[in-house]
Amino acid sequence: MPLVRIDTSEQNSNDIKNLSSAIHQALIESFGFPENDFFQIVNVHSNTNKDFVTFGNYLNVERDEGIVYIQIFLRSGHREEKKKTFYKKSAFFIQEKTSIDAKNIFILLSENNSADWSLGNGEAQYL
């Protein structure tokens, strides 16, 4: 079960539904998650909030104010090859469905263990 957190600026607000869909599609195709395993938190930040639009041109990627930060929490154990596939599919689907440029797609995968999840009712469903 992945939990996706998306932080974007108003500049991308017209693309949010398609951005969300693109990420979910990439998760399904890359990792094999079920289609109804869909949990996302989307934060749209005001263009006047200069604290959000903070980015560097690190590793020769020339980002701009259209940057989108995508953080995905998932259980550990996914091979590096699947992660690489996910990054490529995410960029492909996001560019296909939105006006967001690949240079502005910043993704962080955060893995954890089965004991780190409670999906409701105060239970540890994966244990």
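Residues numbered from 1 in each chain as written. Predicted model: local features only at pLDDT ≥ 70, side-chain atom pairs only at ≥ 80, totals over all residues. Heavy atoms only, no water.

Engineer: Please set out the side chain of H24 residue by residue, giving values where relevant.
Structural biologist: Topologically, H24 is positioned in helix α1 (residues 16–31). H24 has contacts with P34, E35, D37, F38 and Q40, leaving out every residue within four places of it along the chain. (Helix = DSSP H or I, 4+ residues; strand = E, 2+ residues; numbered from the N terminus. Contact = heavy atoms within 4.5 Å.)

Engineer: Break down the nonpolar core for me, with residues and values.
Structural biologist: Counting residues in each nonpolar core, the largest one holds 21 residues, and the members touching the most others are I23, L27, I70, I72, F86 and I94. If you list the elements that add at least two residues to this core, you get β1 (3–9), α1, β3 (68–75), α2 (80–97) and β4 (105–112). Looking at this core, the element that brings in the most residues is α1, giving six residues. Discounting residues that sit within four places of it in the chain, I72 has contacts with P2, L3, V4, I23, L27, F86, L108, L109 and S110. (Core = buried A, V, L, I, M, F, W, Y, C linked by side-chain atoms within 4.5 Å. Buried < 20%, exposed > 50% of the residue type's maximum accessible area, 1.4 Å probe, protein only.)

Engineer: Lay out the layout of surface pockets in plain terms, naming residues and giving numbers.
Structural biologist: A water-sized probe rolled over the atoms picks out the places where empty space is left. By volume, the largest pocket is sized at about 190 Å³. For the largest pocket, the full set of lining residues is Y58, L59, V61, R63, I67, A102, K103, N104, I105 and F106. For the lining of the largest pocket, the class distribution of residues is seven nonpolar, one polar and two charged. (1 Å grid on protein atoms, 1.4 Å probe; cavity = no way out; pocket = protein on both sides within 12 Å on 5 of 7 lines; lining within 4 Å. Points joined across faces, edges and corners; volume = space filled by probe spheres on them. Nonpolar A, V, L, I, M, F, W, Y, C, P; charged D, E, K, R; others polar.)

Engineer: Report on the packing of aromatic side chains, specifying residues and quantitative values.
Structural biologist: Evaluation of the coordinates by the stated rule reveals five aromatic pairs. Ring geometry for F92 against F93: centres 5.5 Å apart, planes inclined by 65°, an arrangement best described as edge-to-face. Between R75 and the ring centre of Y126, over which it is positioned, the NZ or CZ distance is 3.6 Å. (Phe/Tyr/Trp six-rings, centres within 6.5 Å; stacked < 30°, edge-to-face > 60°. Lys NZ or Arg CZ within 6 Å of the ring centre and 35° of its normal.)

Engineer: Give a detailed account of the pattern of salt bridges, specifying residues and quantitative values.
Structural biologist: When charged atoms on two side chains of opposite charge get close, those side chains can pair. Using the criterion set out here, one finds four salt bridges in the structure. Here K103 makes a salt bridge to D64, at a shortest N to O gap of 3.3 Å. One end of the pair, K103, is in the loop between α2 and β4; the other, D64, is in the loop between β2 (40–45) and β3, and 39 residues separate them in sequence. The exposure class of K103 is partly exposed, given its relative accessible area of 31%. Here K83 makes a salt bridge to E111, at a shortest N to O gap of 3.3 Å. Remark: E111 occurs in strand β4 and K83 occurs in helix α2; sequence separation between them is 28 residues. (Salt bridge = Lys/Arg side-chain N within 4 Å of Asp/Glu carboxyl O.)

The values are spatial; any link to function lies outside them.
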